[in-house]
Amino acid sequence: MLILGLDAASDRNKFGYAVGTLNGSKIELVDAGLLGGPSRTAELAREIGAAAKSTRVLVAVDAPLGWPNAMSSVVTHRAGERIASTKDEMFRRLTDRRLRTEAGGKHQPLEIGADKIARAAHEALTVIDELRAGSGLDLPMVWEPTFVGNGLIEVYPAATLRACGVSPKKYKDKDAAEVRLGLANSLMAQIDGLGRICGGSSDAFDAALCLVAAADFLLGRCQPPAPGEMDLAMKESWIWVRTRD
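Residues numbered from 1 in each chain as written. Predicted model: local features only at pLDDT ≥ 70, side-chain atom pairs only at ≥ 80, totals over all residues. Heavy atoms only, no water.

**Q** What am I meant to see in the side chain of Glu-111 here?
**A** On the secondary structure map, Glu-111 appears in the loop between α3 (94-102) and α4 (117-135). If we skip the residues at most four places from it in the chain, Glu-111 touches Phe-91, Arg-92 and Ile-117. (Helix = DSSP H or I, 4+ residues; strand = E, 2+ residues; numbered from the N terminus. Contact = heavy atoms within 4.5 Å.)

**Q** How should I be thinking about the sheet that holds strand β3 (residues 26-34) in this particular structure?
**A** Paired through their backbone hydrogen bonds, the strands of a sheet run either parallel or antiparallel. Across the sheet, 6 strands lie side by side as β5-β4-β1-β2-β3-β6; this open sheet has mixed pairing. The strands lining the two open edges of the sheet, one partner per strand, are β5 (150-154) and β6 (191-192). Bridge count between β3 and β6: 2 bridges; the pairing is parallel. Its bridge partner being in β6, Glu-28 is matched across the sheet by Asp-192. Its contacts with the sheet put helix α1 (residues 38-51) on β1 (2-7), β2 (16-23), β3 and β4 (57-62), and the angle it makes with β1 is roughly 155°. (Pairing = 2+ DSSP bridges. Axes fitted to C-alpha atoms, helices over the stretch in contact; angles between N-to-C directions.)

**Q** What exactly am I supposed to notice about the nonpolar core here?
**A** As a rule of thumb, soluble globular proteins bury nonpolar side chains together. Within the largest apolar cluster, 40 residues are counted, with the highest numbers of intra-cluster contacts made by Leu-58, Ile-153, Leu-194 and Phe-217. Among the secondary structure elements, those contributing two or more residues to this core are β2, β3, β4, α6 (177-186) and α7 (202-218). Ignoring any residue separated from it by four or fewer positions in sequence, one finds Phe-217 in contact with Leu-58, Val-142, Trp-143, Glu-144, Pro-145, Phe-147, Ile-153, Cys-222 and Trp-240. Ranked by size, the runner-up nonpolar core spans 29 residues in total, among them Phe-15, Ala-45, Ala-121 and Ala-124. (Core = buried A, V, L, I, M, F, W, Y, C linked by side-chain atoms within 4.5 Å. Buried < 20%, exposed > 50% of the residue type's maximum accessible area, 1.4 Å probe, protein only.)

**Q** How should I be thinking about the packing of α1 against α4 in this particular structure?
**A** Packed helices, taken two at a time, are described by their axes: the angle between them and the distance between them. Running from N to C, α1 and α4 cross one another at 55°; their axes reach a closest spacing of 8 Å. As judged from the angle between their axes, α1 and α4 are oblique. Handedness of the α1/α4 crossing: right-handed. The segment α1 lies against α4, with Thr-41, Leu-44, Ala-45, Arg-46, Ile-48 and Gly-49 engaging Val-127, Glu-130, Leu-131, Gly-134 and Ser-135. Each residue belonging to the contact of α1 with α4 can be placed in one class, and the counts come to 5 nonpolar, 4 polar and 2 charged. (Parallel < 35°, antiparallel > 145°, perpendicular 65-115°, else oblique. Left-handed = near helix turned anticlockwise from the far one by under 90°. Nonpolar A, V, L, I, M, F, W, Y, C, P; charged D, E, K, R; others polar.)

**Q** Honestly, α4 in this entry has me stumped. Any pointers?
**A** Spanning 19 residues, α4 covers 27 Å between terminal C-alpha atoms, matching the ideal 27 Å at 1.5 Å per step. Along its buried surface, α4 packs onto β1, α1, β4 and β5. At the exit of α4 stands Gly-136, carrying a positive phi of roughly 80°. (Expected span 1.5 Å × (residues − 1).)

**Q** What should I look at first to understand the pairing of β1 in this one?
**A** As a general feature of sheets, a regular strand has side chains that alternate between the two faces. Taking burial as the measure, the 6 residues of β1 include 6 buried ones, the bulk of the element. Every second residue of β1 is oriented toward a common face, with Leu-2, Leu-4 and Leu-6 on one face and Ile-3, Gly-5 and Asp-7 on the other, all of them buried. Pairing between β1 and β4: 6 bridges, direction parallel. Residue Ile-3 lies in a different strand from β4, and its bridge partner there is Leu-58.

**Q** When you look at the pairing of β5 in this model, what are you seeing that I'm missing?
**A** Counting buried positions over the 5 residues of β5 gives 5, a clear majority of the element. Strand direction decides the pairing type here: β4 and β5, joined by 5 bridges, are parallel. Note on β5: the bridge partner recorded for Leu-58 is Gly-151.

**Q** Is there a simple way to think about the packing of aromatic side chains in this case?
**A** Where two aromatic rings form a pair, the distance of their centres and the angle of their planes describe that pair. For the structure shown, the criterion picks out 3 aromatic pairs. Centre to centre, the rings of Trp-143 and Trp-240 are 6.3 Å apart; their planes meet at 55°, and the pair counts as tilted. Pair noted here: Trp-143 is in the loop between α4 and β5 and Trp-240 is in the segment after α8 (230-236), with a separation of 97 residues, a long-range link. Here Trp-143 matches Trp-240 in class, with each residue buried. Plain terms: the ring middles of Tyr-171 and Phe-205 are 5.9 Å apart, the flat faces sit at 55° to each other, and that makes the pair tilted. Separated by 34 residues along the polypeptide, Tyr-171 in the loop between α5 (157-163) and α6 and Phe-205 in helix α7 bring together distant segments of the chain. In this pair, the class of Tyr-171 matches that of Phe-205, namely buried. (Phe/Tyr/Trp six-rings, centres within 6.5 Å; stacked < 30°, edge-to-face > 60°.)

Right, here's the structure in full:
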């Protein structure tokens, strides 16, 4: 099983990627870095395209892959008129609200309807489109660990760390290599090779954490949308976070 983790940013010089394989219940980190120019994206596209000939491929993205459904009302809104949707409905997706509620406020993803994360999300969707074109893979959103072929999911590393019993604080700071090394040691049961990249970019490190989140999805450790929520989740996307061992 090949997994590509992407830590999205509006600037590709800060857009992290990580490649790993899932063997049993553990990730082996193969490569990690920053996308930079278009050539690296093209190389990754060829890599996942070649891998898909012999194994399943999953792309796990740390960025919102959809917008709140209530934002569709903006299309017909006229200046000065009241907006019927609540602020939470307008700026937070169902998956964002659910994470915040179930974790007692500890998980609070940035609001794609209000924050600059929307620019990173836009770039993530552009990168995904380039990966599709360069690999020949359709990379559809997938909703079951048993999906066939190749697929795409949304993840949230900070929530994954908390679900693993690890604090996500301060590991992204410029001089936080020792903090990241501590995280790597705490996650040794989930991923091999993470310690090698602790002294580099925190964006590449985050992309590697996307691999851990992807493994949780593949191992059936995450809570899917309820049957009555699936249509909305398929429009807005869904953050896959470990809820059980």
